[in-house]
Amino acid sequence: MERIILKSPYDMHLHLRDGDMLEQVIPYTARYFSGALVMPNLNPPLSSTKTVQSYKERILKASQNTSFTPFMSLYLTSNLNKEELLQAKQSGISFLKLYPKGATTGSESGVSAVLDAQILGILESAEELGMTLSIHGESHGFSLEREAEFHPIFEELAQTFPRLKIIFEHLSDRRSIALVEKYDNLYATLTLHHITLTLDDVIGNALNPHVFCKPILKTPKDRDALQQIALSAHPKFSFGSDSAPHLKTSKESSKGSAGIFSAPLLLPALAELFERHKKLENLESFISKNAQKIYQLKEDSKEICLCKKPMQIPQILNGIVPLFAGETLSWSYECQK
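Figured I'd write up the structure that's included with this text. (Residues numbered from 1 in each chain as written. Predicted model: local features only at pLDDT ≥ 70, side-chain atom pairs only at ≥ 80, totals over all residues. Heavy atoms only, no water.)

1. A word on the pairing of strand β6 (residues 132–135)
Item 1. On β6, burial covers both faces: T132 and S134 on one face and L133 and I135 on the other are all buried.
Item 2. One ladder, built from four bridges, connects strand β5 (residues 95–98) with β6; its direction is parallel. Among the inter-strand pairings, L96 is bridged to a residue of β6, identified as L133.
Item 3. The sheet contact formed by β6 and strand β7 (residues 165–168) spans four bridges and is parallel. Counterpart to S134 in the pairing with β7 is I167. (Buried < 20%, exposed > 50% of the residue type's maximum accessible area, 1.4 Å probe, protein only. Helix = DSSP H or I, 4+ residues; strand = E, 2+ residues; numbered from the N terminus. Pairing = 2+ DSSP bridges.)

So, in structure tokens, the structure goes:
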């Protein structure tokens, strides 16, 4: 049976929720990834060192896996100050997450004016402390143009804070690729769904709320351009799933919560994609080595074995509909010795 071994996989954009849902979804990541950057947009948001540390303790308790490291992030609000940032950094919290107010799930407490003097002062302190700024980069304009409309803000921040590492999270628009390549301190994450799906998967036939997400899935040209970046393991791009679980009832309600739950199938699905395009040799760089270089992570001893064996994706898992529900992948986590 054909097998591949992946060393130290990292998911650099992950939503775990809290309470019962945290306990249900964390095993899918803790079992197969060395670490993951956990998003702070809970309710209420994690905007203090104390609340982030408490959340980390709950994650570690739920994961029951000492070989998994949750990298924690602090929710950026105008109330932050240098003292709080220093306390966070000394506690091992190196990431700030910026949400434009109202742009996505859990962004109600986000930033109304990113280039406001108060926010810029906070980012100046973050730069001095050597923190990393992760940004959900979207405006409030037309849905297919929101990412491109946010480009000037990325440019302003990259130029103003050249020593601040800035992450363009879940990049979805092919026009954003050149922007990432333009600035030495600008990097990006790519999701499985943005490199495999398009807007047609949401609304092209019957409405499918389970692949509705933000930033919204875009055109085949966008998907194909991002896919080529992933397949080539472009050194400025790392893998971040943006796996975001919502109950089936919430996804199918009139509000239609934004988010795709991909955690249970990430590595087998990526292996299938990379093999199909004869780029399997680049998979480890995309999901491991690039993250190690960009985020200065140490390679650990974790190795994940994938084998060429059919993997059936359930229709539903703990009340959550996963990505590719009901489909069969050609790669599986279940390797037989």
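After that view, the rundown keeps rolling.
2. Digging into the nonpolar core
A general feature of soluble globular proteins is that nonpolar side chains tend to end up buried together.
Item 1. Within the largest apolar cluster, 96 residues are counted, with the highest numbers of intra-cluster contacts made by L76, L96 and L133.
Item 2. Broken down by element, the residue count for this core peaks at seven residues, all from helix α11 (residues 266–276).
Item 3. Those residues within four positions of L76 in sequence are excluded, and the remaining contacts are L96, K97, L98, S109, V111, I119, I122, L123 and L133.
Item 4. Ranked by size, the runner-up nonpolar core spans 14 residues in total, among them M12, M39, Y99 and Y187. (Core = buried A, V, L, I, M, F, W, Y, C linked by side-chain atoms within 4.5 Å. Contact = heavy atoms within 4.5 Å.)

3. Remarks on the packing of aromatic side chains
Aromatic ring pairs are defined here through the distance separating the ring centres and the angle between the ring planes.
Item 1. Going through the model one piece at a time under the given rule, you end up with nine aromatic pairs.
Item 2. When the centroid spacing of 5.8 Å and the interplanar angle of 50° are considered together, the rings of F95 and Y295 count as tilted. Linking F95 in strand β5 with Y295 in helix α12 (residues 283–295), this pair joins segments that are 200 residues apart in sequence.
Item 3. For F95, a relative accessible area of 7% corresponds to the buried category.
Item 4. On the accessibility criterion, Y295 (9% relative accessible area) is buried.
Item 5. Centre to centre, the rings of F274 and F286 are 5.9 Å apart; their planes meet at 25°, and the pair counts as stacked. Placement of the pair is F274 in helix α11 and F286 in helix α12, with a sequence separation of 12 residues. Of the two residues, F274 and F286, neither departs from the other in class, the shared state being buried.
Item 6. In this structure an aromatic cluster arises from ring pairing among F150, F154 and F168.
Item 7. When the ring centre of Y187 is taken as reference, the NZ or CZ atom of K236 above it lies at 4.9 Å. (Phe/Tyr/Trp six-rings, centres within 6.5 Å; stacked < 30°, edge-to-face > 60°. Lys NZ or Arg CZ within 6 Å of the ring centre and 35° of its normal.)

4. A word on the packing of helix α1 (residues 19–30) against helix α2 (residues 49–63)
Item 1. With their axes 8 Å apart at the nearest point, α1 and α2 run at an angle of 70° to one another. In terms of orientation, α1 lies roughly perpendicular with respect to α2. Each of L22, E23, I26 and A30 in α1 lies in contact with α2, whose residues at this interface are Y55, R58, I59, A62 and S63.
Item 2. Here the contact of α1 with α2 is composed, by residue class, of six nonpolar, one polar and two charged. (Axes fitted to C-alpha atoms, helices over the stretch in contact; angles between N-to-C directions. Parallel < 35°, antiparallel > 145°, perpendicular 65-115°, else oblique. Nonpolar A, V, L, I, M, F, W, Y, C, P; charged D, E, K, R; others polar.)

5. Remarks on the environment of E275
Item 1. As for its position among the elements, E275 is in helix α11.
Item 2. On the basis of relative accessibility, which here comes to 24%, the residue E275 falls in the partly exposed class.
Item 3. In this structure the C-alpha to C-alpha distance between E275 and W331, which are 56 residues apart in sequence, comes to 9.8 Å.
Item 4. Not counting residues within four places of it along the chain, the set of residues in contact with E275 comprises E2, L280, K308, S330 and W331.
Item 5. Polar side-chain contacts of E275 include one of 2.9 Å to the side chain of W331. (Polar contact = N/O pair within 3.5 Å; in protein donor to acceptor, adjacent residues only side chain to side chain.)

6. Thoughts on the pattern of salt bridges
Item 1. Scanning the entire structure with this criterion turns up 12 salt bridges.
Item 2. Between E155 and K182 there is a salt bridge whose closest N-O contact spans 3.1 Å. Taken together, the residues E155 in helix α6 (residues 151–160) and K182 in helix α7 (residues 176–182) connect sequence positions 27 residues apart.
Item 3. For the salt bridge of K248 with E252, the shortest nitrogen-to-oxygen distance reads 3.0 Å.
Item 4. Take K248: its relative accessible area is 33%, and that puts it in the partly exposed class. (Salt bridge = Lys/Arg side-chain N within 4 Å of Asp/Glu carboxyl O.)

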